[in-house]
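What follows is each chain in one-letter form.
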Amino acid sequence: MDSSVYVFAEDLRGEGVERVLDRISGYGVAGVTVGVAHHAARDVTPHGLSRLTVRHDAAHFTPPAELFDGRRLWPVPGHAAVLDGLREACAKRSMKLHGWTVFLRNATLGTEHPDVTVRDCFGDRGSPADLCPAHPDVREYAVALARAVARLGVESVVAEALHFQPLAAERSFVPLGPMDAYLFGLCFCDYCLRRAADLGVDAEMAREECARIVGRVLDGDPPAQGEVTRAALTAYAGPDVVAYARARSETVTTLVSEVASAVAEEGSKLVFIDSTGAVKGYADGLPTPGLAAHDAWQLGVDLVALGDLVPAFGVLAYARDAARVADDVGAYLRSVGKDREVRAVLRPGHPDSDSLDRLVAKARAAKAAGALAVDFYAYGLAPHPVLDRIPAALAGAL
């Protein structure tokens, strides 16, 4: 069974390529998925160069100038030397190298170029890290970045944040319900409005309705109750809003298609990661009831359409329960097609896996549901005793 461990560039920089690969190869995995372009974060790193690691928006390689010349958006420079010798070191150990790439989550670019970020129903651009996938400059940047990563000689380009993002306010003392937060997170920039209008949607009416509903809650009215479904959203916000939400899938599908084609032209393949699994269960491993594949539309992800365009998918199986992991993997396969490669991404420890037995059960469940690979997230975030569970998990999935 194919497998890999997710690794941050800071892990390689802090502990050294040889030391990290020696340890990971000892787990029996087939490869490493290295964060070659990542977003800013502040993480507790139990065995890193420091125990609290500050990550910056950065591409950890030198981008080919010919791919970005004349473009507004360039990758933010990172630790360009950190990947030196990595491909050769992987080959020496017969390990595959995958290039983990965060595409449209970049506060540095969003702050420098606020017009490329999402704009909410009130006309505000309050999410500088969220680049809008409808903006032409963002789309050009994503395709060029994908080509640049593929040229590193990676087995695959693992695409994160290649879709719309949900609202993620750091503080809110207003009790926004899931539906109100969803409406607040929709983008109404000029390009999104135009794309929706071209599909026959009354985009301005949708924006006005969202502003009216969310504004009412911000003024003190009680939020809507219940999870976001198309039926509930239709009843709450009306058909224009639902049609607008549906139109977002055209934006994402066409962008992913362009990126997948570019990666294939460079001799690699795209692994598309839909973040819905993280949205639902990242904090505690207790995802809300709807399966990730069924709720992916909320981020503009049409898995059925992408199944015809993308060769491989990563399922963020962030659930404590093995049965839920199996259900999520199975739902993805039914959506994208049984002939697609599905990779289940598991966390070997907190908050999902409180024991070796639980991790083994989840790996076994993913395999039984049809996953062709199990990947583990992430080397730098988990203590060594937790990472030492990986060989047993792989053995259990065979």
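Going by what an unreviewed UniProt entry lists, the protein is known as Alanine-rich protein and is assigned to Nonomuraea bangladeshensis.

Visitor: For the pattern of salt bridges, give the residues involved together with the corresponding values.
Guide: Per the stated rule, a full pass over the model turns up 28 salt bridges. Between R55 and D43 there is a salt bridge; the shortest N-O distance is 2.6 Å. Of this pair, R55 sits in strand β4 (residues 52-55) while D43 sits in strand β3 (residues 41-44); the two residues are twelve residues apart in sequence, bridging distant segments of the chain. Residue D43 is classed as buried on the basis of its relative accessible area of 17%.

Visitor: Please set out the pairing of strand β6 (residues 96-102) residue by residue, giving values where relevant.
Guide: Taking burial as the measure, the seven residues of β6 include six buried ones, the bulk of the element. As paired elements, strand β2 (residues 31-38) and β6 share six bridges and run parallel to each other. Looking at the pairing, V34 lines up with G99 of β6. Two elements, β6 and strand β7 (residues 156-160), share five bridges in a ladder whose sense is parallel. Bridging across to β7, V102 finds its partner in E160.

Visitor: Please give an account of the environment of C90 that cites residues and values.
Guide: Position of C90 among the secondary structure elements: in helix α4 (residues 86-92). On the basis of relative accessible area, C90 is assigned to the buried category, the value being 1%. C-alpha of C90 to C-alpha of P311: the two residues are 221 residues apart in sequence and 23 Å apart in space. Residues within four places of C90 in sequence aside, it is in contact with L21, V32, M95 and L97.

Visitor: Give a detailed account of the side chain of S4, specifying residues and quantitative values.
Guide: Structurally, S4 can be placed in strand β1 (residues 2-8). For S4, a relative accessible area of 0% translates into the label buried. Here the side chain of S4 touches D375 through a polar contact of 2.9 Å, side chain to side chain. Other than its neighbours up to four places away in sequence, S4 contacts V29, G31, V32, T33, H98, R343, V374, D375 and F376.

Visitor: Could you give me a rundown of the packing of aromatic side chains, with the residues and numbers involved?
Guide: In the structure shown here, the tally under the stated rule is 13 aromatic pairs. Between Y6 and Y377, the ring centres sit 5.9 Å apart and the planes meet at 80°, which makes this aromatic pair edge-to-face. Within this pair, whereas Y6 is found in strand β1, its partner Y377 is found in the loop between β11 (373-376) and α17 (384-387), the two being separated by 371 residues in sequence. With a relative accessible area of 15%, Y377 lands in the buried category.

Visitor: Which residues make up the pairing of β7, and what values do they have?
Guide: Burial within β7 is extensive, with five of its five residues counted as buried. Of the strand pairs in this sheet, β7 and strand β8 (residues 270-273) are connected by three bridges, and their pairing is parallel. Directly across from A159, in β8, lies its bridge partner F272.

So, how was this worked out
Residues numbered from 1 in each chain as written. Predicted model: local features only at pLDDT ≥ 70, side-chain atom pairs only at ≥ 80, totals over all residues. Heavy atoms only, no water. Salt bridge = Lys/Arg side-chain N within 4 Å of Asp/Glu carboxyl O. Helix = DSSP H or I, 4+ residues; strand = E, 2+ residues; numbered from the N terminus. Buried < 20%, exposed > 50% of the residue type's maximum accessible area, 1.4 Å probe, protein only. Pairing = 2+ DSSP bridges. Contact = heavy atoms within 4.5 Å. Polar contact = N/O pair within 3.5 Å; in protein donor to acceptor, adjacent residues only side chain to side chain. Phe/Tyr/Trp six-rings, centres within 6.5 Å; stacked < 30°, edge-to-face > 60°.

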